[in-house]
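So the chains spell out like this:
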There are 2 protein chains.
Amino acid sequence: MAKTTKMFKLLLVILVCSVSLNLVFVFKIVNVLGGGDHHYSLELSWTKRDAAEAEYVAAISCSGHGSAYMDGLILDQDGNKEPVCECNACYGGPRCSQFLPSCAADANGGDPYFLEPFWMENAASSGVLVAGWHRMGYSLNFKPFMVMSKELESHIRELHALVGNAVTEGKYIVFGVGSTQLLNAAVHALSPQNSSSPARVVASFPYYPLSKQQTEYFNAVGYKFEGDASLWKNKSDAATMNLIELVTSPNNPDGQLKWAQLQGPNVKAIYDRVYYWPHFTAISAPADEDIMLFSISKLTGHAGTRFGWAVVKDESVFKRMSTYVFLNTQGVSRESQLRALQLIKVVLEEGGKPIFDFGYTTMSNRWKS
Amino acid sequence: MAKTTKMFKLLLVILVCSVSLNLVFVFKIVNVLGGGDHHYSLELSWTKRDAAEAEYVAAISCSGHGSAYMDGLILDQDGNKEPVCECNACYGGPRCSQFLPSCAADANGGDPYFLEPFWMENAASSGVLVAGWHRMGYSLNFKPFMVMSKELESHIRELHALVGNAVTEGKYIVFGVGSTQLLNAAVHALSPQNSSSPARVVASFPYYPLSKQQTEYFNAVGYKFEGDASLWKNKSDAATMNLIELVTSPNNPDGQLKWAQLQGPNVKAIYDRVYYWPHFTAISAPADEDIMLFSISKLTGHAGTRFGWAVVKDESVFKRMSTYVFLNTQGVSRESQLRALQLIKVVLEEGGKPIFDFGYTTMSNRWKS
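Here the structure is a predicted model, which means the values were calculated and not measured.

1. What about the sheet that holds strand β12 (residues 267-272) of chain A?
Hydrogen bonding along the main chain pairs the strands of a sheet, whether they run parallel or antiparallel.
Residue and element names in this part refer to chain A.
Here's step 1: Read from one edge of the open sheet, 7 strands run β8-β14-β13-β12-β11-β9-β10, paired in mixed fashion. Here the strands that pair on one side only, and so sit at the sheet edges, are β8 (172-176) and β10 (223-228). Between one strand axis and the next, the sheet turns through 25° on average, direction left out of account.
Here's step 2: Against the sheet, helix α6 (residues 178-190) touches β8, β9 (199-203), β10, β11 (243-248), β12, β13 (291-295) and β14 (308-312), its axis set at about 165° to β13.

Dropping the structure here:
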């Protein structure tokens, strides 16, 4: 009898352990999707490899001085193909642990890596899984020339309303492959198509060198880069000429809020507003110019995504800019649009504060040190 | 005693069930990454939401006449936000189940959806998960102007060697936002920068309308669209003029393999080779022209990704095309490059045969029906 009781007790203990383990597994599966959103099924199928691969590469340690990427350079030692660490400018070695003393301090220049730690902290909300058949067509919804995600456009309008940095009501939005493409699209849209007197493109000194290089390199019939805007201020013939003034506000490289210097019936301004976000400057009032350029490069730090947008007042300018983007690149990559949407969603869900606070603090600390 | 035995038996049955359930769970977890690649850890963490969201959207049924997308239009009925079906041109209704009899038969035109079922069948190998911090910088490896993935470039070279459709040895490769961007980059690179006699851009009739529209719209000082190449064949002044001949081979829209019609010391040709893949035409020999354009739009069907590449013989032309792409869009979106790499990997892993067979069969059946 005593033996039976002992076995009975032992069995009971084993049973309790086994059932507990059952409960742990069940609990794990219920929580496997972290947060229990009612949308999602409990088990993953075709996405498992993609997800596991991304986590594997993300887990490669690069000593905090670099990253490994899924499309990173792959060394072929011993027949193994492995993603490797890509080190920041002042570091080297297989795990980026060696400081390179001879390196130039500011080699990373304009690269917006200062927001990288923010996105690493927000890993769970900021990734996107692109299915093999995601948006294969030239156009969306099988409608010719429709190359912009409406959902992304409405999120951009919502973002400007939240931040209060631009008026978008009653205005058009056109997407571009970064604000770089849109800058030339806008210059092109404001220039005469066939004219013996091309528009003169000017900018305030110091100006962003790319605007000059781009305008000169594309070398169109309708426009010509003419340098410093202030030189045209008191010229008598400026009143009758087509002038396009590029205004970067806040300015790159000096951070000043700037306004167009030239006025007149034939003067048009393009406002590059890519730095007009709370981590770079105080937002005093929503900008309301006729053509304003923005990008996620400076907003979220994703320069590599090449996604920008223009907020445009005039329908005919909007149409000409859209035609430019269409004939130049047939719109913007759908992967870039999908990723921009996900990143802007994260910014919106948190009311903007976390990323702007993070960015502002990081920038301030840099200046202090 | 009988009661104790009964309870004992009952407990034993429960234990067996519980242990079996645990075994099932353990087995499931071991297999959760399907294939047991030694690289990957057994449990997913920050990627779970992305993966689950992608599977949720992919599982929305659109009756085989449309798809739901993660950045799809979202209806806001009853306060619920849900991705909705986007229907093919001849279908409507919330699940794309209604045939629209008034619809034009060929409204989908050049859209490469004929390969969509292939990628749905290969879901597990063809997706990519883009982490929130993937390639944020303007350049790769912190090197200014380095905007092309070396890994992708080497896969492209491997692909051409496998298919035998182009000679890439000793040649340069430049990436573009689709072959659309590269077409203008090549025209620009071959034109004089400052000249009173612009290059004449010609093409054989019937030609791809975009080449004319693009060349006319960008309206550069250095080149001018002049229409049908054959009109310049016997012109005496053609021998002294800068001529750029656009050759689409196989041709769009008639599928003919074509060759440049014009020859001479000042004649340069740009070969648009986007249709030179086994699902469109027999590959008789590797193409070996000085400038050849390719894209994944026609290779894998991913037109929305906007990824193309040029194979270029001459270093100075390569440099000018690279400068054009850099000043125009600062390179190609890293998301597009990552996705192109994944898709080309799938094509390569399978030796090319499955996708080309699928594409060829689908195209042949269309012509028959």
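2. Description of the interface of chain B and chain A
Here's step 1: On the chain A side, the residues contacting the 104 residues of chain B number 104 residues.
Here's step 2: Residue contributions to the side of chain B that touches chain A peak at 11 residues, all from helix α1 (residues 2-31) of chain B.
Here's step 3: Here the residues of the side of chain B that touches chain A are counted per class, giving 49 nonpolar, 39 polar and 16 charged.
Here's step 4: Here strand β7 (residues 128-130) of chain A pairs with strand β7 (residues 128-130) of chain B via 3 bridges, running antiparallel. Paired with Leu129(A) across the strands is Leu129(B), a residue of β7(B).

3. Quick word on the confidence of the model for chain A
Residue and element names in this part refer to chain A.
Here's step 1: Per-residue pLDDT for chain A has a mean of 87; in total, 89% of the residues score no lower than 70.
Here's step 2: Confidence drops under pLDDT 50 across residues 32-39; counting only partners more than four residues distant or on other chains, this segment forms 11 contacts.
Here's step 3: For this predicted complex, the interface confidence score (ipTM) comes to 0.87, while the overall pTM stands at 0.87.

4. What about the relation of the copies chain B and chain A?
The operation linking the two copies of the chain is a rotation about an axis combined with a translation along the axis.
Here's step 1: Between chain B and chain A, the superposition needs a rotation of 180° and an axial shift of 0.2 Å, giving an RMSD of 0.7 Å. The relationship between the two copies is best expressed as a two-fold rotation axis. Closest approach to the rotation axis among the C-alpha atoms of chain B is made by Ala220(B), whose C-alpha sits 1.7 Å away.
Here's step 2: Taken together, the interface assignments show that 100% of the residues at the interface of chain B recur at the interface of chain A, consistent with an identical surface on both copies.

5. Side note on the environment of Gly351(A)
Here's step 1: For Gly351(A), the position within the fold is in the loop between α10 (334-349) and α11 (353-368).
Here's step 2: For Gly351(A), a count of 10 C-beta atoms within 10 Å corresponds to the exposed category.

6. Focus: the nonpolar core
Here's step 1: Formed by 167 residues in total, the largest nonpolar core has its most connected members in Ala186(A), Ala310(A), Ala186(B) and Ala310(B).
Here's step 2: Not counting the four nearest positions on each side in its chain, Ala310(B) is found in contact with Val174(B), Gly176(B), Leu182(B), Ala186(B), Ile291(B), Met292(B), Leu293(B) and Met321(B).

7. Digging into the domain arrangement of chain A
Here's step 1: Partitioning chain A into structural domains gives domain 1 (48-109) and domain 2 (140-358).
Here's step 2: Each of domain 1 of chain A and domain 2 of chain A has a C-alpha centre, and the two are 34 Å apart.

8. Some details on the packing of helix α6 (residues 178-190) of chain B against helix α7 (residues 209-218) of chain B
All names here are of chain B.
Here's step 1: In the contact formed by α6 and α7, the axes pass within 11 Å of each other and the chain directions differ by 55°. Comparing the axis directions of α6 and α7 gives the class oblique. Where α6 crosses over α7, the two elements pack in a sense that is right-handed. Mapping the contact onto sequence places Thr180, Leu183, Asn184 and Val187 in α6 and Leu210, Ser211, Gln214, Thr215 and Phe218 in α7.
Here's step 2: Residue composition of the contact of α6 with α7, grouped by class: 4 nonpolar, 5 polar and no charged.

Cut-offs and rules
- Residues numbered from 1 in each chain as written.
- Chains lettered and ligands numbered in written order.
- Predicted model: local features only at pLDDT ≥ 70, side-chain atom pairs only at ≥ 80, totals over all residues.
- Pairing = 2+ DSSP bridges.
- Helix = DSSP H or I, 4+ residues; strand = E, 2+ residues; numbered from the N terminus.
- Axes fitted to C-alpha atoms, helices over the stretch in contact; angles between N-to-C directions.
- Contact = placed C-beta atoms within 7 Å.
- Nonpolar A, V, L, I, M, F, W, Y, C, P; charged D, E, K, R; others polar.
- pLDDT = per-residue confidence, 0-100.
- Least-squares fit on C-alpha atoms with pLDDT ≥ 70 in both.
- Buried ≥ 20, exposed ≤ 12 C-beta atoms within 10 Å, placed from the backbone.
- Core = buried A, V, L, I, M, F, W, Y, C linked by C-beta atoms within 7 Å.
- Domains from an automatic or database assignment.
- Parallel < 35°, antiparallel > 145°, perpendicular 65-115°, else oblique.
- Left-handed = near helix turned anticlockwise from the far one by under 90°.

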